[in-house]
Amino acid sequence: MYDDTGFAAWSPYGGRINMPTMDELAKNGVTYTQWHTTSVCSPTRSTLLTGRNHHQNGFGSISESAVGFPGYSGHIPKENATLATVLRQAGWSTFWIGKNHNVPVDALDMASSKERWPLGLGFDRFYGFIGGETNQWYPSLIEDNHFIEQPEQPENGYHLSKDLADKAIAYIQDSKQSKPEKPWFMWYNPGANHAPHHAPADYIAKYKGKFDDGYEAYRDWVLKRMTDKGIVPKGTKLTPLNPMPPETFSKDDAVRPWNTLSPEEKKLFSRMAEVYAAFSEYTDAEVGRVIKYLKDSGQFDNTLIMYCADNGASGEGSPNGSVNENNFFNAYPDDLNVNLKMIDKLGSQDTYNHYPTGWAVAFSTPFKMFKRYSGYSGGTADPLVICWPKGIKAKGEIRDQYHHCTDIVPTILEVCGVAMPEVVDGVKQTPLAGVSMKYSFDNVKAPTAKKVQYYEMIGTRGIWNNGWKAVALHGPAPVDIGNFDKDKWQLYNTDIDRSESDDVSGKYPEKVKELQKVWLEEAKKNNVLPLNDLSIPAFHGLQYHKENPADGRFIYYPGTTEVPEASAAPTLGRSFKILAEVNLSKNTKGVIVSQGSRFGGYSLFAKDGRLVYVYNFLGNEPEQVLTSSLPSSGLHTVGVEFVKEKMTDKNETLGTMKLYIDGKMVQQKPFRTQSGRYSLSGEGLCVGRDSGDPVSRQYKSKFDFSGGSIIKVIYDVGNDSYQNLENEFKVKMARE
């Protein structure tokens, strides 16, 4: 299961991105043209885990946005047992490779129970990353239940897509060499195509100039190809580039018409699409190595392979694209001039890039909108190819039956001959929400077995019922307009209007009312309510936050696992103090404490005889730096204090940062700090090192602390003055 891939991106569907492995599977199987998802990753992935609707699973939104209501808790209830649990109890080996965006945000740290990590959800092995995304050059890796270091560095050829393919093959080999007769199930989730779009230079070079015609021309070009291939019916119309009234959605989701761009902007936007395409094809090639292994080992013919994506193309790059997607998660506007300066570094370790909204619309042709817009097929219509040479007679055929991601689990269970138990581990199970698709494998004319499917995602809504579809004209969070009861609903007959281009609500008002009623019934049944379309800062306020100790202090030690952002001392958008007790020598160097990466974070370190504190505001140059000579050898306290003064309309936190050595303030400067996130996943708080991608350009990765020792690091996010904390430290130092 890929991430963030629209209906019109890939070659099997007529798209311009070459996918040789997927093309081969499509020629040996069936291609589905009306398979739908929830419109966002965590929710869709939860349905593939359990076969229930995403709100039933507690995943009404991404795990980081859990807000406590039953449909949005981020906790899959035990009455929704996973497919892996059922198959493992039926005698299968179970493996999870790659992205895992379904661990509750309150269970990410090492002190938490692992019952909702992969091994607690029925998987024998896990290798990948936890969270919405990760740096493809410097991923935050986990194997089974613990964090691990990446096996190689980028300069030695490392890329996550290659690493995942290697591990997938190894896991299957491990199982087969011990128990050759034992069947296996693998859920394979590459980091592609979610930002950051990182790809090897040779793959990027293959697409040079391929998207110079622009996203509007691409829409025209690809729709004809999709029609010729039978992906959409003849006569399917193209929807408008900006199809929603401005007051109904966020301006950051708008598309700038290609003919309004400057030559420099066109060059930049085209390059962003080239890098995205390269990322996708490179990952497909790595998946191809797994397929080759299956063929070489004689397993391919009797392996059911589903090749798909989890939601429509992503519009999180804003109208101008981004060289740092972390801007979006901090509600900070992208700067086009900054983007232009980085054009030659797109896809490399120096960028965390994402294309502009125009390409999201283009890759979701012919539909309206893109990821997060659950009412429209631009957010939910996704590629799905199913290949099973021994079990599917059809080769290279198209299937038009309407289906949903909740239908995958029932399909796999039927193919495997395993019934869904009524009770799992002593807990009575809720019925599966989907229907099996197996009936369609060899019957192109079979009527659609599915009758109804609701949609909802952070305020957007839709309902499909026997070919009719009603859509609320309301954009997703962070649109922050509320008034859901006042929304206008559109109506489409998708049997004759596949692209949802002809709103017939005025012609059939009673049908609209009927479908609104069906939506509300489904919403009540599936824990969809209450609805939420809040701004990003408001959403942050509702999300899970680790409760601060009564005294506002957190203590961290060297030699420990990184602390995930959700569980770490909160330093975003507020005043804070950091104080480290360290033994120094003339040879001391390395990171004392850090959090984040070059795309946003901070680091306190020693280098070349100096103490340095860097705050990297969303990767913007220059880095904000405080520095002083290292004190003499021996035990010292060093640290910083940030005093928040105000917030800007760009969500910058402005204030004064002060550097201290043994209670004496040695330097101070005005600083701006972030208010949203350091990272969507990984890059947690580390003592004695900087995990993954380094925060500062002043050092490279693996700049671990040496030439001394770190006793502990204290964070104070309470109201104590720095001097009081310093005095208390002096007492503790004397006592110890």
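Starting afresh in each chain, residues are numbered from 1 along the sequence in its written order. At least 70 in pLDDT is required for a residue's local features to be given in this predicted model, at least 80 for side-chain atom pairs to be given and counted, and no such filter applies to totals for whole chains, interfaces and linings, which use all residues. The basis for the side-chain values is all heavy atoms of the structure; hydrogens and waters are excluded.

**Q** Explain the overall build of the protein to me, please; I cannot follow it from the model alone.
**A** A count of helical and extended segments in the protein gives 15 helices and 28 strands. Our radius of gyration looks at C-alpha atoms and nothing else; its globule reference is 2.2 Å times the residue count to the power 0.38. A globule of 736 residues ought to have a C-alpha radius of gyration of about 27 Å, and the protein, at 26 Å, matches this closely. Dimensions of the protein, computed from the C-alpha atoms along their principal axes, are close to 80 × 60 × 50 Å. Every one of the 736 residues in the protein was classed for burial, and the buried ones make up 63%. Contacts: residue pairs with any heavy atoms within 4.5 Å of one another. Restricting the contact set of the protein to residue pairs at least 6 apart, pairs at least 24 apart contribute 74%. A residue counts as positive if it is Lys or Arg and as negative if it is Asp or Glu; His and the chain ends are not included. Positions of charges follow a simple convention, taking NZ of Lys, CZ of Arg, CG of Asp or CD of Glu. For the protein, the centre of its 82 positive side-chain charges and the centre of its 88 negative side-chain charges are spaced 2 Å apart. Note on conventions: DSSP H or I runs of at least 4 residues are helices, E runs of at least 2 residues are strands, and numbering of each starts at the N terminus. Only protein chains enter the calculation, and the probe is 1.4 Å; a residue is then buried if its accessible area is under 20% of its type maximum, exposed if over 50%, and partly exposed in between.

**Q** Explain the pattern of salt bridges to me, please; I cannot follow it from the model alone.
**A** When their charged atoms lie close together, side chains carrying opposite charge are able to pair. Any Lys or Arg side-chain nitrogen located within 4 Å of an Asp or Glu carboxyl oxygen qualifies as a salt bridge. Scanning the model with the defined rule gives 42 salt bridges in all. Taking the shortest distance from any N to any O, the salt bridge between Lys-99 and Asp-3 comes out at 2.4 Å. Highlighted residues: Lys-99 in strand S3 (residues 93–100) and Asp-3 in the segment before helix H1 (20–27), separated in sequence by 96 residues. Here Lys-167 makes a salt bridge to Glu-143, at a shortest N to O gap of 3.5 Å. Here the residue Lys-167 occupies a position in helix H4 (residues 160–178), and Glu-143 occupies one in strand S5 (residues 141–143), the gap between them amounting to 24 residues. Given a relative accessible area of 14%, Glu-143 falls into the buried group. Overlapping salt bridges bring together Asp-4, Asp-253, Glu-316, Lys-371 and Arg-372 as one network.

**Q** What should I look at first to understand the pairing of strand S15 (residues 460–465) in this one?
**A** The side chains of a regular strand alternate, first on one face of the sheet and then on the other. With 6 of 6 residues buried, S15 is to be regarded as a mostly interior element. At least two bridges found by DSSP between two strands are what make those strands a pair. With 6 bridges connecting them, strand S14 (residues 452–457) and S15 associate as antiparallel partners. The partner of Tyr-455 across the bridge, within S15, is Gly-462. If you look at the hairpin formed by S14 and S15, you'll find 2 residues sitting between the two strands, and Ile-458 has a positive phi there, around 35°. Judged from the 4 bridges that link them, S15 and strand S16 (residues 468–472) form a sheet pairing that is antiparallel. Among the inter-strand pairings, Asn-465 is bridged to a residue of S16, identified as Trp-468.

**Q** What should I look at first to understand the packing of aromatic side chains in this one?
**A** Between two aromatic rings, the relevant description is the distance of the centres plus the angle of the planes. Two rings from Phe, Tyr or Trp (for Trp, the six-membered ring) form a pair when their centres are within 6.5 Å of each other. A pair whose planes differ by under 30 degrees is stacked, one over 60 is edge-to-face, and the rest are tilted. Inspection of the entire model under this criterion finds 42 aromatic pairs. Centre to centre, the rings of Tyr-203 and Tyr-282 are 5.2 Å apart; their planes meet at 70°, and the pair counts as edge-to-face. Placement of the pair is Tyr-203 in helix H5 (residues 201–206) and Tyr-282 in helix H7 (residues 263–296), with a sequence separation of 79 residues. There is no split in this pair, since Tyr-203 and Tyr-282 are both buried. Taking 5.2 Å as the distance between ring centres and 90° as the angle between the ring planes, the aromatic pair formed by Phe-328 and Phe-329 counts as edge-to-face. One aromatic cluster in this structure is built from Tyr-207, Phe-211, Tyr-215, Tyr-218, Trp-221, Trp-258, Tyr-276, Tyr-355, Trp-359 and Phe-363. Each ring is checked for a lysine NZ or an arginine CZ that lies within 6 Å of its centre and within 35 degrees of its normal; such an atom marks a charge sitting over the ring. One cation-aromatic arrangement involves Arg-16 over Trp-221; the distance from NZ or CZ to the ring centre is 4.2 Å. It is Lys-167 that lies over the ring of Tyr-127; its NZ or CZ is 4.7 Å from the centre.

**Q** Explain unusual backbone geometry here, please?
**A** Peptide bonds are, in most cases, trans, and in most cases residues other than glycine have a negative phi. Put simply, Thr-365 and Pro-366 share a cis peptide bond, and its omega is 5°. Within the secondary structure layout, Pro-366 lies in the loop between helix H10 (357–363) and helix H11 (377–380). For the bond running from Ala-477 to Pro-478, omega is 15°, close enough to zero to count as cis. As for its position among the elements, Pro-478 is in the loop between S16 and strand S17 (489–493). Backbone geometry places Asp-4, a non-glycine residue, at a positive phi of 45°. Looking at the secondary structure, you find Asp-4 in the segment before H1. For Asp-4, a relative accessible area of 1% corresponds to the buried category.

**Q** Can you walk me through the environment of Val-415 in this structure?
**A** Assignment of secondary structure puts Val-415 in helix H12 (residues 408–416). Each C-alpha atom, one on Val-415 and one on Tyr-171, is 22 Å from the other, the two residues being 244 residues apart in sequence. In this structure, Val-415 is in contact with Leu-304, Trp-388, Lys-438 and Phe-441, ignoring residues within four places of it in sequence.

**Q** When you look at the sheet that holds strand S22 (residues 610–616) in this model, what are you seeing that I'm missing?
**A** Two strands in a sheet stick together by hydrogen bonds in their backbones, pointing the same way (parallel) or opposite ways (antiparallel). Spatial strand order, S23-S22-S21-S20-S27: 5 strands in an open sheet with antiparallel pairing. At either margin of the open sheet sits one strand with a lone partner, and together these are strand S23 (624–629) and strand S27 (686–687). Summarising the sheet, S22 and S23 pair through 6 bridges and their orientation is antiparallel. Along S23, the bridge assignment pairs Leu-611 with Ser-628.

**Q** For this particular structure, what's the right way to read H4?
**A** One turn of the α-helix equals 3.6 residues, which is why residues spaced by three or four share an orientation. Under the 1.5 Å per step criterion, the end-to-end length of H4 is 27 Å for 19 residues, consistent within 8% with the ideal 27 Å. Of all the residues in H4, the buried ones are Leu-160, Ser-161, Asp-163, Leu-164, Ala-165, Ala-168, Ile-169, Tyr-171, Ile-172 and Ser-175. The inward-facing, buried residues of H4 abut S3, strand S4 (125–130), S5, strand S7 (184–189) and H7. Expected span of a helix, by definition, is 1.5 Å for each gap between consecutive residues, and there is one gap fewer than residues.

**Q** How do you make sense of the side chain of Lys-469 when you look at a structure like this?
**A** Inspection of the secondary structure puts Lys-469 in strand S16. A relative accessible area of 0% places Lys-469 in the buried class. Only 2.8 Å separates the side chain of Lys-469 from the backbone oxygen of Gly-375, close enough to count as a polar contact. For this analysis, a polar contact is any N or O atom pair within 3.5 Å, provided that within protein one partner can donate a hydrogen and the other can accept it, and provided that sequence-adjacent residues contribute only side-chain to side-chain pairs. At 3.4 Å, the side chain of Lys-469 forms a polar contact with the side chain of Ser-377.

**Q** Sorry, what's going on with the side chain of Asn-80 here?
**A** Structurally, Asn-80 is set in the loop between helix H2 (41–50) and helix H3 (83–89). Once residues lying within four places of it in the same chain are set aside, the contact partners of Asn-80 are Thr-50, Arg-52, Gln-56, Asn-57, Gln-429 and Thr-430.

**Q** Help me understand the environment of Met-110, please; the structure alone is not making it clear to me.
**A** Residue position: Met-110 is located in the loop between S3 and S4. Sequence spacing of Met-110 and Thr-561 is 451 residues, and the spatial spacing of their C-alpha atoms is 7.4 Å. Aside from chain neighbours lying at most four places away, what touches Met-110 is Trp-117, Asn-145, Phe-147 and Thr-561.

**Q** How should I be thinking about the sheet that holds strand S9 (residues 384–387) in this particular structure?
**A** Taken in spatial order, the 4 strands line up as S8-S9-S1-S10 in an open sheet, and their pairing is mixed. Taken across any chain shown, the strands that pair with only one partner, and hence form the sheet edges, are strand S8 (305–308) and strand S10 (397–399). Within this sheet the neighbouring strands show an average axis-to-axis angle of 25°, counted without direction. In the sheet, S8 pairs with S9 via 4 bridges, with the strands oriented antiparallel. Each bridged residue has a counterpart across the sheet, and for Met-306 the counterpart in S9 is Ile-386. Throughout, an axis means a line fitted to C-alpha atoms (over the contacting stretch in the case of helices), and angles, computed between N-to-C directions, take values from 0 to 180 degrees. Strands strand S1 (29–32), S8 and S9 of the sheet are contacted by H1, whose axis makes an angle of about 110° with S1.

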